[in-house]
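# Coordinate analysis (summary)
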Amino acid sequence: MTIDYLIVGGGLAGIAFAQHCRIHQKSFLLLSDDSQNSSRIAAGLYNPVILKRFSAVWQAQEQLNLAQNFYQQLAVDLKAQFDFPKPLNRIFYSIEEQNNWFSAADKPQLAPFLSTQLIASQKVPISAPFGFGAVEHCGFVDTAALVSNFRNYLHAHNQFRNERFNYNELQLQDHSVSYHDIKAKHLIFAEGFGIHQNPFFNYLPLDGTKGELLIIKAPELKSDVIIKSGVFVLPLGNDLYKVGATYNWEDKSDLKTEEARKELCANLDTFLHCDYKVVEHYAGVRPTVKDRRPLVGTHPLFPQLQVLNGLGTRGVMLGPAMAKALFEHLEYEFPLDPYIDIKRIKNAPSNPYQN
C-alpha cells in the first residue's frame, strides 16, 4: 500500500489531520488503539475566553471559525451531530468580579465574546448572589461519539486499522517511510500523552495533566446552559450533566480516584443546591505542554516525520486549526507559526534514540 500520509493516533489531532486529507483527496491510513483515551473522555467544551484571567484564547476567532466549519462538514459526512452550541454563564462572587468582567469586555479581543448584559440570578437551584456573565460562542463537542463514528467511517473505507504502532518496525527511507505493508511520504504522530514512548519525539516537553470528570443526574436542575464556577456543569439532556474537571500534574495514570470525585463534588456543592447522583466517573491524561502551546512540526533530522500534539484542554478548538496548519505546511510549504512550531524547543536531539 502506497499512500501520502500514515497517521498514528486516533484522537482529536489525528482525526483532524485525517479529515484534511479527505477534503483534499490525499491518500492516508490511520492507526490507533485504545491506549490513549483523553479524546474519548474529554469534556469537549469550547470557550474562547480564559475565565480565570479574563483574557482571550490565542487566535480565538480564527479557531472558532475553522472549528465550526470542520464539525459541520463532519456532521454531513458521518450523518451525525457532534457540535452542540451552548451559552456559558460564569458565576460572579463579588462586585469586583463584575467590574473586572466589564473592563475585559471593553477590550477589542474580548468584546465579541463577553456580553455586557448582566444576567441576574435565575430561578434554578444555583447560588449566584452577584449574577452571571455570559460568554458567547461556546458549546461542546461529543468527542466520544466523534471518535467512534469517525473510526467506523474510515474502517468502512479501508483507511483505519485498530492496532498499536511498533516503532521498532518502522523503516526510514530518504523521502518516505515504510511500515509493514505501508509506504508513505509522511508519518504524522498524533499520539497525545503516548508521545513519551516515541523515540523520535519524546524529547518534546509534553508534560501531561490528569483530569477527572463526572456525569451526574440532577432532575431538579433544569438548566440548558453551561455553568462555570470552580467547576463547569454542562447539560447533556435527560437530566444528565457533565461536571469537571480536576487537574493533577503528578499522577499520569488514567485510573479514577476517590480523591478527585470528592473534590469535584465539593466544588459542585458550593453553588448547586439540589439533589444529584453521580452516574459515571472518567479519568484521562491531557496532552499538555509546559509553555501551554501546541507541538506541531517536522523532526529536525527526518523530514518525513511530523508531530501534531499538545492540544491540551482546548483540543476541540485547536485540533482543526493545528491540523490545517501542518497540512498546508507539508503540501504548500506554508511556514508554521513560530508560536506552535517545535523549532522553538531548544533540546532537539542529534540522535533520535538518545532518550
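Reference entry: report on the structure contained in this document. None of the values given here were measured: they were computed from a predicted structure.

### As for the pattern of salt bridges
According to the stated counting rule, one finds 14 salt bridges in the structure shown. In this structure, Asp77 engages Arg22 in a salt bridge whose closest nitrogen and oxygen atoms are separated by 2.9 Å. Of this pair, Asp77 sits in helix H3 (residues 60-78) while Arg22 sits in helix H1 (residues 12-23), and the two are 55 residues apart along the sequence. Residue Arg22 is classed as partly exposed on the basis of its relative accessible area, which comes to 22%. A salt bridge links Lys86 to Asp224; its shortest N-O distance comes to 2.6 Å. Of this pair, Lys86 sits in the loop between strand E6 (83-85) and strand E7 (88-91) while Asp224 sits in the loop between strand E14 (209-217) and strand E15 (226-228), placing them 138 residues apart in sequence. Under the relative-accessibility criterion, Lys86 is labelled buried at 15%.

### Focus on the packing of H1 against H3
Relative orientation of the contacting elements H1 and H3 amounts to 75°, with a least axis distance of 12 Å. Taken together, the axes of H1 and H3 are roughly perpendicular relative to one another. On H3, the residues touching Leu12, Ile15, Ala16, Gln19 and Arg22 of H1 are Phe70, Tyr71, Gln73, Leu74 and Asp77.

### Considerations on the packing of H3 against helix H5 (residues 143-156)
Packing of H3 against H5 leaves a shortest axis separation of 11 Å and a crossing angle of 50°. Between H3 and H5, the angle falls in the class oblique. Relative to H5, the crossing made by H3 is left-handed. Where H3 abuts H5, its residues Tyr71, Leu74, Asp77 and Leu78 lie against Leu146, Asn149, Phe150 and Tyr153. Residue composition of the contact of H3 with H5, by class: six nonpolar, one polar and one charged.

### Structural notes on the sheet that holds E15
Pairing is mixed in the open sheet, where seven strands are placed in the order E8-E7-E15-E16-E17-E14-E18. Taken across any chain shown, the strands that pair with only one partner, and hence form the sheet edges, are strand E8 (132-135) and strand E18 (277-286). Between one strand and the next, the sheet's axes are offset by a mean angle of 25°, whatever the strand orientation. Both E14 and E18 contribute to a ladder of nine bridges, which runs antiparallel. Pairing of Thr209 across the sheet is with Arg286, part of E18. The sheet contacts of helix H6 (residues 258-269) involve E14, strand E16 (232-237), strand E17 (240-244) and E18, and relative to E14 the element is tilted by about 60°.

### Comments concerning the packing of aromatic side chains
Applying the stated rule across the entire model yields 17 aromatic pairs. Aromatic pair Trp58 and Tyr339: ring centres 4.2 Å apart, planes at 20°, arrangement stacked. A residue pair is termed long-range when its members are at least 10 positions apart, and Trp58 in the loop between strand E5 (55-56) and H3 and Tyr339 in the segment after helix H7 (315-332) qualify at 281 residues. On the numbers, 5.4 Å between centres and 80° between planes, the contact of Phe92 with Trp101 is edge-to-face. One aromatic cluster in this structure is built from Tyr5, Phe17, Phe327, Tyr332 and Phe334. The ring centre of Tyr247 lies 4.1 Å from the NZ or CZ of Arg286, which sits over that ring. The aromatic ring of Tyr339 is capped on one face by Arg293, whose charged end is 4.7 Å from the ring centroid.

Definitions and cut-offs
- Residues numbered from 1 in each chain as written.
- Predicted model: local features only at pLDDT ≥ 70, side-chain atom pairs only at ≥ 80, totals over all residues.
- Heavy atoms only, no water.
- Salt bridge = Lys/Arg side-chain N within 4 Å of Asp/Glu carboxyl O.
- Helix = DSSP H or I, 4+ residues; strand = E, 2+ residues; numbered from the N terminus.
- Buried < 20%, exposed > 50% of the residue type's maximum accessible area, 1.4 Å probe, protein only.
- Axes fitted to C-alpha atoms, helices over the stretch in contact; angles between N-to-C directions.
- Parallel < 35°, antiparallel > 145°, perpendicular 65-115°, else oblique.
- Contact = heavy atoms within 4.5 Å.
- Left-handed = near helix turned anticlockwise from the far one by under 90°.
- Nonpolar A, V, L, I, M, F, W, Y, C, P; charged D, E, K, R; others polar.
- Pairing = 2+ DSSP bridges.
- Phe/Tyr/Trp six-rings, centres within 6.5 Å; stacked < 30°, edge-to-face > 60°.
- Lys NZ or Arg CZ within 6 Å of the ring centre and 35° of its normal.

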